Structure formats: C-alpha cells, structure tokens
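# Observations on chain architecture
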Amino acid sequence: MSTNGATLNAPLGLLAELTHRCPLGCPYCSNPLALDQREAELDTAAWARVMREAAGLGVLQVHLSGGEPAARRDLEQIAKAARSAGLYCNLITSAVGITAQRMEALADAGIDHVQISIQDSEPQSADHIAGYKGASGRKRALAAEVVKLGLPLTINMVVHRANISRIGAMVDLALSLGASRIEIAHVQYYGWALKNRAALMPSREQVEQAVKEVEALREQHCGRIVIDAVVPDYYARFPKPCVGGWGRRSLNVTPAGRVLPCHAAEVIPGLEFWNVREHSLADIWRNSPAFSAFRGTEWMAEPCRSCAMKEKDFGGCRCQAFLLTGDARNADPICHLAPQHAHVAELAAMQIDTAYHYRR
Ligand code: FES
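Residues numbered from 1 in each chain as written. Predicted model: local features only at pLDDT ≥ 70, side-chain atom pairs only at ≥ 80, totals over all residues. Heavy atoms only, no water.

### Details of unusual backbone geometry
With an omega of 10°, the peptide bond running from Gly-66 to Gly-67 counts as cis. Topologically, Gly-67 is positioned in the loop between strand 4 (61–65) and helix 2 (75–84). Cis geometry is adopted by the peptide bond preceding Pro-303, which originates at Glu-302 and carries an omega value of 5°. Not every positive phi belongs to a glycine, and Val-243 is a case in point at roughly 45°. When you line up the elements, Val-243 lands in the loop between strand 9 (226–230) and strand 10 (250–253). (Helix = DSSP H or I, 4+ residues; strand = E, 2+ residues; numbered from the N terminus.)

### Quick look at helix 1 (residues 44–57)
With 14 residues, helix 1 extends 20 Å between its outermost C-alpha atoms, agreeing within 8% with the 20 Å of an ideal straight helix rising 1.5 Å per residue. Count one or two residues on from helix 1 and you reach Gly-58, which has phi positive near 115°. (Expected span 1.5 Å × (residues − 1).)

### Focus on the packing of aromatic side chains
Each pair of aromatic rings is reported with the distance of its centres and the angle of its planes. Per the counting criterion, the structure on display carries five aromatic pairs. Considering the side-chain rings of Tyr-356 and Tyr-358, the 5.9 Å spacing of their centres and the 85° angle between planes classify their relative orientation as edge-to-face. By relative accessible area, Tyr-358 is classed as partly exposed at 24%. In this structure an aromatic cluster arises from ring pairing among Trp-246, Phe-294 and Trp-299. Stacked on the ring of Trp-285, the Lys or Arg Arg-295 has its end atom at 4.8 Å from the ring centre. (Phe/Tyr/Trp six-rings, centres within 6.5 Å; stacked < 30°, edge-to-face > 60°. Buried < 20%, exposed > 50% of the residue type's maximum accessible area, 1.4 Å probe, protein only. Lys NZ or Arg CZ within 6 Å of the ring centre and 35° of its normal.)

### Overview of the pattern of salt bridges
As enumerated under the stated definition, the model contains 16 salt bridges in all. Across the pair Arg-218 and Glu-215 runs a salt bridge, and its minimum N-O distance is 3.1 Å. Placement of the pair is Arg-218 and Glu-215 together in helix 9 (residues 204–220), with a separation of three residues, close to one helical turn. Across the pair Glu-266 and Arg-258 runs a salt bridge, and its minimum N-O distance is 2.5 Å. With relative accessibility at 31%, the residue Glu-266 sits in the partly exposed group. (Salt bridge = Lys/Arg side-chain N within 4 Å of Asp/Glu carboxyl O.)

### Focus on the nonpolar core
Residues Leu-14, Met-51, Leu-64, Ile-182 and Leu-281 are the most contacted members of the largest nonpolar core, which totals 88 residues. Broken down by element, this core gets its largest block of residues, seven residues, from helix 6 (residues 167–177). With residues near it in sequence (within four places) discarded, Met-51 still touches Leu-14, Ala-16, Val-62, Leu-64, Ile-78, Ala-81, Ala-82, Ala-85 and Leu-87. Of all hydrophobic cores here, the second largest spans 21 residues; its members include Cys-262, Ala-264, Leu-271 and Ala-338. (Core = buried A, V, L, I, M, F, W, Y, C linked by side-chain atoms within 4.5 Å. Contact = heavy atoms within 4.5 Å.)

### Focus on the pairing of strand 7 (residues 153–159)
In terms of burial, strand 7 is a largely internal element, seven of the seven residues being buried. Of the two faces of strand 7, the one lined by Leu-153, Ile-155, Met-157 and Val-159 and the one lined by Thr-154, Asn-156 and Val-158 are each fully buried. The pairing of strand 6 (residues 113–118) with strand 7 spans five bridges and is parallel. Residue pairing for strand 7: Gln-115 is matched across the bridge by Thr-154. (Pairing = 2+ DSSP bridges.)

### Quick word on helix 4 (residues 123–130)
For helix 4, every residue scored as buried is listed here: Ser-125, Ala-126, Asp-127, Ile-129 and Ala-130. Those residues of helix 4 hidden inside the fold are in contact with helix 5 (135–148). Positioned one or two residues after helix 4, Gly-131 has a phi angle of 70°, which is positive.

All we've got here are geometric facts, nothing functional implied.
Below, the structure is given as structure tokens:
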C-alpha cells in the first residue's frame, strides 16, 4: 500500500503517553506547554484496546511513558494488556513514586524493560534540575530494585549546559546502578525545552568536548555496555531523520487519545489529528490527515526535493522546521543547505544564565 507516493509499512513502536501528570518539573521536558488534564485521560479499557489494536497493526514494542506513567493507578492493568497483546513493554519512568513493592507488581504485570532518567551525577544539582528535592536518591533506589528483579535497565541522561561537563561521572553512576544500556541525549528544543532554550543551551566548546568524551567512553566500555548518543541539533550540519521519517515507523498516543506522528506534532498548525476514541489505530495510521501530511517525499520543497539525502534524513524534523522557520514544509534549518541555517547559529549563541521555567 502507498500513501503520498510512500510505501506504507507497519509501525514498529508505540509511545503511549498515559498521563501528563508528573512529580518532576524538568525544564527540558518535551511535553507540550498545554498539558492534558487528568479528566481528559483515556480510561483503562481504552488503553487496553489501543494495545490490542497496536499489536494487530504490527507494532512490536510499546513505551509506557508520560509524564510519569506510575501516576496512573491502573498502570499494572495497562502493562498486563500490552503484554497479553504480545507487545514488548518498556516502562519509561522518573522513578519518583514507585515503591519496591509496586515495581515488583509491575514486573509481574509484564514490564520487560525499564528506563530511568538521571539529571546529574551530583545529587544537589540533579534535584535542582528535576525541580524535586530527593529525586536523585529515589532514582538510585528504584534502579537497584529493577536490577534486583532481573529486568534490563537503561539509564537515560539528558545533557545541557548545567551537566554537560559531568558526562563521564554520569556514565560512572549509570554503571554503578547496573545499567545495561546508557542513552545520552542532548536536549531537543520542543515544548518546555524550547521555552528554556537560552538557559539550557551549551556552548560550542562544551559540545565539542562532550562529543570527544562520549567517543572515549564508548571505547573504554566497549563490549561491556551500549552507549547511545544523540548529537545536539543546533551545532550539527546535517539534520536528524526525525522519528525515522514522518509516519514511517512509530506513533504516539497522547493522554487524551490523540494520535500523533511524533511527540511534538501538535505545534504544527493546521494538522488534523484523529483520536482513538473515534477511530481504530489502523485507520489512523493509514488514513488520518496528520499522518499523510508529511509521509514520503512528495510534500518536499527545495532544497530537499532534489537532495540525494531525502530518503535518508526525510528533510529532518517537521516540528523544528516549523518552530524555526514558520513553515513545516521547509527543510529543517539544522541542515547546512537550508536557507535559514545561519539563524540556528544565532539562536545557539543566545545563552542566558536565568532561572528555569519548570514544567508544572
Ligand atoms: Fe516532530 Fe521531529 S519532533 S518531526
């Protein structure tokens, strides 16, 4: 089957944003500024249906995320539904609010893998970044429980100006917690992160130093642990193939049931998102206007249209193109061939030491 000139494959992954409620206030959160309220959240039965429909559509892996997914009392039931549907079940958690007992119940319910974020190697700084006193200690405690239960643990660290000089120490911390995989991600400037961009943006020198450090860490720990690292956009010359290409590999379901091609898609005006309350996931994947909008390469303008990379990077990120140029059909200005590329360097140079706008 093809839409918009693109072959339509089955999606591999589903990001289930179960709730936007979260005890932490991380200033780099990519959730939207207008958070879905508790009353608008899908109920347990609706999420269980989403899991069955996802599996039927070909999805292999579900990421139970948020906000903090454990803020939902029915998280065990949702995990159970995902597992019964045959999905590999990854829990993405802040770790705050999950007791050892609840973690055990979640493992019994069918969680296959746990991802915990850490904010810094220094507890005081970590708590300050998270906007929650004691967060760092709780993360360490839950990581120990996860390892004790024999579940694979990924430690995710989001890097920015306040912690970029301690990547090595954060990797040491992740190793000491028993992580089998480490994900180092520079802040991506959407949602709350965009609001805090000047306070979070590292300098070019810091980024160059960090890239070297990550390479050295990979060599040092080769064969022992997998270290995935995402290059910081604003200092790159080539755009990332965001979400593996719009509507190609994954979908996101928001707490209220809207289905998005990527977590930030709602920033693009004029897109029509369908909701799982009214449509099946398969119908949405195949036919919803938002998924069709930037699928394939037909929608592209120059310089993407005639670029040899267009089937590899898909023109970069649609949301970033809109946020930085005002038109989602433009090339992602991170690309050195984009007419607005010089503007990105100007934005990156705007670094201001100011208090964070915490996500609340
Ligand atoms: Fe939406 Fe990149 S975040 S396409």
